[in-house]
Amino acid sequence: MVTMNKMNFAEFFAGVGLVREGLRLHNWDCVWANDISEDKRDTYVENFTHDDFHLEDIWEIVNRSSTIPDQVFLYTASFPCTDLSVAGGRKGLAGAESGTLNAFLQILKKKQQTGAHPKVVMLENVAGFLTSHKGKDVAFTVAVLNDLGYVVDIIELDAAYFTPQSRQRVFLIAVESELAQENMYIKEKYSFFDSWWINFHKNPKIRSSKVEHIIKSSPHLHWGLLDLPQPHNNAPNLNEIIQIEIPNDSKLWWNDTRKEHLYSQMSILHKETLHAMIEKSRYSYGTVYRRMRKGKSMAELRTDGKAGCLRTPRGGSSKQILIRAGFGSWKVRLLTSREYARLQGVRDTFILPENASKGYFAMGDAVCVPVIEYISEYILLPLYKRYLVAHPSAERLFANF
Ligand SMILES: C[S@@+](CC[C@H](N)C(=O)[O-])C[C@H]1O[C@@H](n2cnc3c(N)ncnc32)[C@H](O)[C@@H]1O
C-alpha cells in the first residue's frame with residue numbers, strides 16, 4: 001500500500017487547465033496532467049508548466065499507467081461531453097469521445113491493483129450524464145468505482161451561483177471506503193426509507209430528483225453523502241464582465257446588414273425587449289444565442305444579466321452574441337474570448353490563445369473556476385485534512401490549515 005503524504009492531484013482531460021486553476025486557491029500540487037489537444041496543451045503550458053503535461057491519447061496511457069506517479073491523493077477527470085449532451089448523438093459512454101471515461105476507469109483499476117490508487121476521484125460532465133441511456137451510464141460508472149473500493153456522491157452545481165453564466169454541471173465524487181466511513185453519510189444498500197434520505201433532501205439545489213431516481217434505481221450501489229453548504233448566489237452581473245473599453249468604431253461590432261439579419265431572427269417578444277433597452281438613457285446588455293426552433297434558426301435574447309452556457313463553437317452557430325443597447329441605438333458583436341474567460345471565472349492574467357477561435361474552444365470546453373474552488377473548499381480540502389488526522393505521519397504542505 002502506497003502512503004500518501006502530499007496534497008496533490010493528477011489532472012486527466014486537462015484541457016487548458018481550469019481544474020488546476022481552481023485548485024490553486026488551496027495550493028493543490030499538480031503532479032501529472034494529460035490531454036490529447038495540442039492547442040490546449042499550448043495554452044496549458046503557457047499558464048502553468050511543461051514538466052507535468054503529457055500530450056497523448058488517454059487510451060495509450062492505459063498500458064503505461066505505471067508512469068503516472070503513485071502517491072497522488074486526488075484524480076480529476078473532466079471527460080468529453082460530446083456523446084452525453086443533447087447536441088451530440090447521445091451514444092453515451094459507448095461513444096468514441098465520452099467513452100474515453102472507460103480508459104480513465106481502466107487506469108484507475110490498474111492503479112488499484114498495485115495499491116497506488118488515489119483516495120479521492122472527481123469526475124465532471126454535463127447534466128446529460130445523469131440521463132444518458134436512462135441513467136444506466138452513470139450507474140455503470142458508480143458500479144465500477146464501487147468495485148474499486150470507492151463510495152460515491154453525485155452533486156450538481158450551476159456556474160450561475162458564481163459567475164453570470166448558466167452552466168449546470170454534474171460532479172461524481174468518489175471517496176475511498178476507509179476515508180468515506182468518517183466523512184460521508186453512507187447509505188445502507190437496499191434501504192429505501194432510512195434517514196439517509198433526510199440528508200439527501202437537505203440540499204435540493206445540488207441534489208436533484210434526477211439523482212434521487214438514479215439512486216433509487218440502483219439500490220445495490222454504494223452511495224454516500226458529503227456535507228455541503230448551499231452555494232450562495234453571489235455572481236456578478238453580465239455588465240460587470242463586459243470589455244467596455246472596446247471602442248465604438250472597433251471592427252468587432254457588426255455592420256448593419258448582419259445586425260438586421262439578427263433582428264429578423266428574433267421573435268416579436270424579443271424585439272419588444274430590445275426596443276425597451278434601446279429607449280433607456282443608459283446602456284444595458286443582453287446576450288443572444290441562435291437556436292433551431294421548429295426547423296427555423298431563431299435569435300433568442302436574454303436580459304437577466306447572465307449569458308447562456310458557453311459551448312465549443314463547432315459549426316459556427318454556437319457562439320454567444322452580445323447586444324449593447326441604450327440612448328436610442330444598439331450595437332452587436334460576439335462576446336470576446338476574454339469575456340468567455342471571465343464568464344468561466346478566470347483571472348484576466350490567464351493567457352488566452354491569440355487566435356479567437358482557439359480561445360472560444362479553450363473556454364467553451366472548460367470548467368468554471370469558482371465552482372472548482374467551492375468543491376476544493378467544501379469537499380476536497382476537508383477530506384484531505386481528515387486524511388491527515390488519520391495519518392499523522394503525512395506531510396503538512398500548506399500554512400493556512
Ligand atoms: C471537457 S474538456 C476538459 C476541459 C478542461 N477541464 C479545461 O478546464 O480546459 C475534455 C477534454 O478531453 C480532451 N480529450 C478528448 N479525447 C481525449 C483522449 N482520447 N485522450 C485525452 N484527452 C482527450 C479534449 O481535448 C478536451 O480538452
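Keep in mind that what you see is a predicted model, and the values were worked out from it rather than measured.

## Side note on the overall build of the chain
A tally of helices and strands in the chain yields 14 helices and 13 strands. Against the globule reference of 21 Å for 401 residues, the chain gives a C-alpha radius of gyration of 22 Å, in line with a compact fold. Principal-axis analysis of the C-alpha atoms places the extent of the chain at approximately 70 × 50 × 40 Å. Counting every position in the chain, which comprises 401 residues, the buried fraction comes to 42%. In the chain, of all internal contacts separated by at least 6 residues, the share reaching a separation of at least 24 is 70%.

## Regarding helix H6 (residues 136–147)
The terminal C-alpha atoms of H6, which comprises 12 residues, lie 16 Å apart, in line with the 16 Å expected from a rise of 1.5 Å per residue. Taken residue by residue, H6 has Asp137, Val138, Thr141, Val142 and Leu145 as its buried positions. Axial view of H6: buried residues confined to an arc of 135°, hence all on one face. Elements that come into contact with the buried residues of H6 comprise helix H4 (100–113), strand E5 (120–126), helix H5 (128–131), strand E6 (150–158), strand E7 (168–176) and helix H9 (209–217). Gly149 sits one or two positions beyond H6 and adopts a positive phi of about 95°.

## Quick word on the sheet that holds strand E2 (residues 29–35)
In space, the 7 strands of this open sheet follow the order E3-E2-E1-E4-E5-E7-E6, with mixed pairing throughout. On the outer flanks of this sheet lie strand E3 (53–55) and E6, each paired with one strand and no other. The mean angle between the axes of side-by-side strands here comes to 15°, regardless of whether they run parallel or antiparallel. Judged from the 7 bridges that link them, E5 and E7 form a sheet pairing that is antiparallel. Following the sheet pairing, Val120 is matched in E7 by Val175.

## A few points about the pairing of E2
Among the 7 residues in E2, 5 count as buried, and that is most of the element. Pairing of strand E1 (residues 8–12) with E2 involves 4 bridges; the strand directions are parallel. Within the sheet, the bridge partner assigned to Asn8 lies in E2 and is Asp29. Relative to E3, E2 is paired through 3 bridges, and the arrangement is parallel. Counterpart to Asn34 in the pairing with E3 is His54. Read as a crossover between parallel neighbours, the route from E2 over helix H2 (residues 38–47) to E3 is right-handed.

## Description of the site of the ligand
Of all residues adjacent to the ligand, which total 21 residues, the nearest are Gly15, Leu18, Ile58, Ser78 and Ala366. Secondary structure elements with two or more residues in the shell around the ligand: helix H1 (18–23) and E2. Taken together, the residues that form the shell around the ligand break down as 11 nonpolar, 5 polar and 5 charged.

## Side note on the pairing of E7
Of all 9 residues in E7, 8 are buried; the element is thus mostly enclosed. Sheet topology places E6 next to E7; 9 bridges connect them, and they run antiparallel. Following the sheet pairing, Glu156 is matched in E7 by Val170.

## Structural notes on the domain arrangement of the chain
Many structure descriptions define interface size as the accessible area lost when the parts assemble. In terms of domain boundaries, the chain breaks down into domain 1 (8–233 + 363–390) and domain 2 (244–335). Domain 1 and domain 2 are separated by 35 Å when their C-alpha centres are compared. Each partner contributes to the interface: domain 1 provides 8 residues, whereas domain 2 provides 9 residues. The residue inventory of the side of domain 1 that touches domain 2, partitioned by class, reads 3 nonpolar, 3 polar and 2 charged.

## Here's the deal with the nonpolar core
Ranked by size, the top nonpolar core spans 111 residues in total, and within it Val120, Ile173 and Val175 carry the most contacts. In terms of residue count, the dominant contributor to this core is helix H14 (residues 369–390) (11 residues). Residues lining this core come from more than one domain, with at least three contributed by each of domain 1 (8–233 + 363–390) and domain 2 (244–335). When neighbours within four sequence positions are excluded, Val120 is seen to be in contact with Phe73, Leu74, Ile173, Ala174, Val175, Leu380 and Leu383.

About the cut-offs
Residues numbered from 1 in each chain as written. Predicted model: local features only at pLDDT ≥ 70, side-chain atom pairs only at ≥ 80, totals over all residues. Helix = DSSP H or I, 4+ residues; strand = E, 2+ residues; numbered from the N terminus. Rg over C-alpha atoms; globule rule 2.2 N^0.38 Å. Buried ≥ 20, exposed ≤ 12 C-beta atoms within 10 Å, placed from the backbone. Contact = placed C-beta atoms within 7 Å. Expected span 1.5 Å × (residues − 1). Arc of directions from axis to C-beta. Pairing = 2+ DSSP bridges. Axes fitted to C-alpha atoms, helices over the stretch in contact; angles between N-to-C directions. Right-handed = clockwise from strand over helix to strand, strands pointing away. Near = placed C-beta within 6 Å. Nonpolar A, V, L, I, M, F, W, Y, C, P; charged D, E, K, R; others polar. Domains from an automatic or database assignment. Core = buried A, V, L, I, M, F, W, Y, C linked by C-beta atoms within 7 Å.

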